[in-house]
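# Inside the fold
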Amino acid sequence: SVNSATYSPDGREIVSASWDETIRIWDAVTGECKSILEGHTYSVNSATYSPDGREIVSASWDKTIRIWDAVTGECKSILEGHTSSVNSATYSPDGREIVSASWDKTIKVWNANDSREVYSYSLPSICNNASFSPDGRTMAVACSDGNIYLIDFPPLQELIGQTRERFKDYPLTPEERRQYYLE
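Calculation rules
- Residues numbered from 1 in each chain as written.
- Predicted model: local features only at pLDDT ≥ 70, side-chain atom pairs only at ≥ 80, totals over all residues.
- Heavy atoms only, no water.
- Core = buried A, V, L, I, M, F, W, Y, C linked by side-chain atoms within 4.5 Å.
- Buried < 20%, exposed > 50% of the residue type's maximum accessible area, 1.4 Å probe, protein only.
- Helix = DSSP H or I, 4+ residues; strand = E, 2+ residues; numbered from the N terminus.
- Contact = heavy atoms within 4.5 Å.
- Salt bridge = Lys/Arg side-chain N within 4 Å of Asp/Glu carboxyl O.
- Pairing = 2+ DSSP bridges.
- Axes fitted to C-alpha atoms, helices over the stretch in contact; angles between N-to-C directions.
- Polar contact = N/O pair within 3.5 Å; in protein donor to acceptor, adjacent residues only side chain to side chain.

### Looking at the nonpolar core
Core analysis: the largest hydrophobic core is formed by 13 residues, its most contacted members being Val99, Ile107, Leu123, Cys127, Met139 and Val141. Elements with a minimum of two residues in this core: β10 (97-102), β11 (106-111), β13 (127-132) and β14 (138-143). When neighbours within four sequence positions are excluded, cysteine 127 is seen to be in contact with Asn87, Ala101, Ser102, Trp103, Lys105, Thr106, Ile107, Val141, Ala142 and Cys143.

### Quick word on the pattern of salt bridges
A full pass over the atoms with the stated rule returns 7 salt bridges. The closest approach of N and O atoms between lysine 34 and glutamate 13, which form a salt bridge, is 2.6 Å. Pair noted here: lysine 34 is in strand β4 (residues 33-38) and glutamate 13 is in strand β2 (residues 13-18), with a separation of 21 residues, a long-range link. For glutamate 13, a relative accessible area of 18% translates into the label buried.

### Examining the pairing of strand β15 (residues 148-152)
Across 5 bridges, the pairing between β14 and β15 is antiparallel. Within β15, the residue paired with methionine 139 across the bridge is isoleucine 151. Counted between consecutive antiparallel strands, the loop separating β14 from β15 contains 4 residues, among which glycine 146 sits at a positive phi close to 90°.

### Quick notes on the pairing of β10
Among the 6 residues that make up β10, 6 are buried, leaving the element largely enclosed by the rest of the structure. Burial along β10 is two-sided: Glu97, Val99 and Ala101 and Ile98, Ser100 and Ser102, pointing in opposite directions, are all buried. The turn linking strand β9 (residues 86-91) back onto β10 is made up of 5 residues, and glycine 95 within it adopts a positive phi angle of 80°. The sheet contact formed by β10 and β11 spans 5 bridges and is antiparallel.

### Side note on the sheet that holds strand β12 (residues 117-122)
In any sheet, the strands associate via hydrogen bonds between backbone groups, in a parallel or an antiparallel arrangement. Here we have 4 strands laid out as an open sheet, ordered β9-β10-β11-β12, and antiparallel in their pairing. Two strands in the sheet have a free side with no partner beyond their single neighbour: β9 and β12. Strand-to-strand, the axes of this sheet are offset by a mean angle of 15°, without reference to chain direction.

### Considering the environment of threonine 64
Note that threonine 64 resides in strand β7 (residues 64-69). Note on threonine 64: relative accessible area 6%, which makes it buried. Each C-alpha atom, one on threonine 64 and one on histidine 82, is 7.2 Å from the other, the two residues being 18 residues apart in sequence. If sequence neighbours within four positions are ignored, threonine 64 has contacts with His40, Ser58, Ala59, Ile78, Leu79, Glu80 and Val86.

### Re the side chain of aspartate 62
In this structure, aspartate 62 sits in the loop between β6 (55-60) and β7. A polar contact of 2.6 Å, which involves the side chain of aspartate 62, links it to the side chain of threonine 64. When neighbours within four sequence positions are excluded, aspartate 62 is seen to be in contact with His40, Thr41 and Tyr42.

### Description of the sheet that holds β15
Judged by pairing direction, the sheet is antiparallel, and its 3 strands sit side by side in the order β13-β14-β15 without closing on themselves. Both outer strands of the open sheet, β13 and β15, are each paired with one neighbouring strand and no more. Across the sheet, the mean angle from the axis of one strand to that of its neighbour is 20°, orientation sign disregarded. Bridge count for β13 against β14 is 5 bridges, and the pairing is antiparallel. The partner of serine 131 across the bridge, within β14, is alanine 140.

### As for unusual backbone geometry
Phi is positive for lysine 105, which is not a glycine, with a value near 70°. You will see that serine 115, though not glycine, has its phi angle at about 65°, which is positive. Structurally, serine 115 can be placed in the loop between β11 and β12. Note on serine 115: relative accessible area 17%, which makes it buried.

See the structure below:
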């Protein structure tokens, strides 16, 4: 079974996610399989390109999200934190964040550059899919209870600015400064 298929931003390729634990990159014109990305240890539920087409993010039943180099096929990073199957993962419009949706009834937002979890939000039912609005300020989450939840999300730089302002006069340890993106 193929679980998802998505065009690259330039329309030249299609990336697919499959029950056979692989991600495949296809030539959109000829239909030829150009490469197979392997590393997940269970069914891959979704795979999508970054806005610039340089990376692919995938979500799997193995509870992980992986970031792949779209040209070399190398796994660049493994994002772990969900406690159950990850149903979808997709980039923000600016490519700086990734939002993932899981059977554990959470969505998580990750920093796409360093793979750190930035934000986690619990919902009342299984999260099937999540995506950012075109301006990156809202996330739409499709859930198994039949609802679509809209969650406000300021871009990461706004969060950093708010955090810097909030903690400017508060003594923080070096670890806390890194945790809050102050360094």
